[in-house]
Amino acid sequence: MTRSDLVEELASRFGQLTHRDAEFAVKAILDAMNDALVRGHRIEIRGFGSFSINHRPPRMGRNPRSGESVAIPQKRVPHFKPGKALREAVDQRTAELESKLKR
C-alpha cells in the first residue's frame with residue numbers, strides 16, 4: 001500500500017473527509033512520526049507495533065567489485081517491531097490463503 005492508497009482508503013471510509021483532508025491527515029501523522037524518530041523517541045501504537053531507533057556500530061565491509069576493505073561508519077536506523085495483534089492477524093490471513101491455494 002502506498003501513501004496515495006492510504007489517502008484513498010481514508011477518504012472512502014470516512015465520507016465526511018475530503019480527499020484533501022485525508023491527504024493532510026496522513027501527511028500530519030507521518031511527519032509527527034518522522035519528527036519523533038529523528039529526536040530519538042520511541043513510537044508505540046497498541047495493537048499495531050512500535051517504531052524505535054537501532055544503533056549500528058562502525059564495521060569493516062568489503063567492496064564487492066574490487067574486494068577492497070571499506071570502513072562503514074556507525075549509524076542510527078529506524079526499526080519496526082509488529083505488535084502481537086498484527087503478527088497474529090498476518091499469520092492467520094497467510095495461513096488461510098495458503099490453505100486455499102492447496103485445494
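Attention here is on the structure that accompanies the text. Source: prediction; values computed, not measured. (Residues numbered from 1 in each chain as written. Predicted model: local features only at pLDDT ≥ 70, side-chain atom pairs only at ≥ 80, totals over all residues. Heavy atoms only, no water.)

**With respect to the layout of surface pockets**
Volume-wise, the largest pocket comes out at about 220 Å³. What lines the largest pocket is simply Leu-6, Leu-10, Val-26, Ile-29, Leu-30, Met-33, Ile-45, Phe-48 and Phe-51. Top element by residues in the lining of the largest pocket is helix H2 (residues 19–38). It accounts for four residues. Residue composition of the lining of the largest pocket, by class: nine nonpolar, no polar and no charged. (1 Å grid on protein atoms, 1.4 Å probe; cavity = no way out; pocket = protein on both sides within 12 Å on 5 of 7 lines; lining within 4 Å. Points joined across faces, edges and corners; volume = space filled by probe spheres on them. Helix = DSSP H or I, 4+ residues; strand = E, 2+ residues; numbered from the N terminus. Nonpolar A, V, L, I, M, F, W, Y, C, P; charged D, E, K, R; others polar.)

**Some remarks on the environment of Met-33**
Along the chain, Met-33 turns up in helix H2. Measuring from C-alpha to C-alpha, the distance between Met-33 and Gly-61 comes to 31 Å, with 28 residues separating the pair along the chain. Residue contacts for Met-33: discarding those within four places in its chain leaves Ile-43, Ile-45 and Phe-51. (Contact = heavy atoms within 4.5 Å.)

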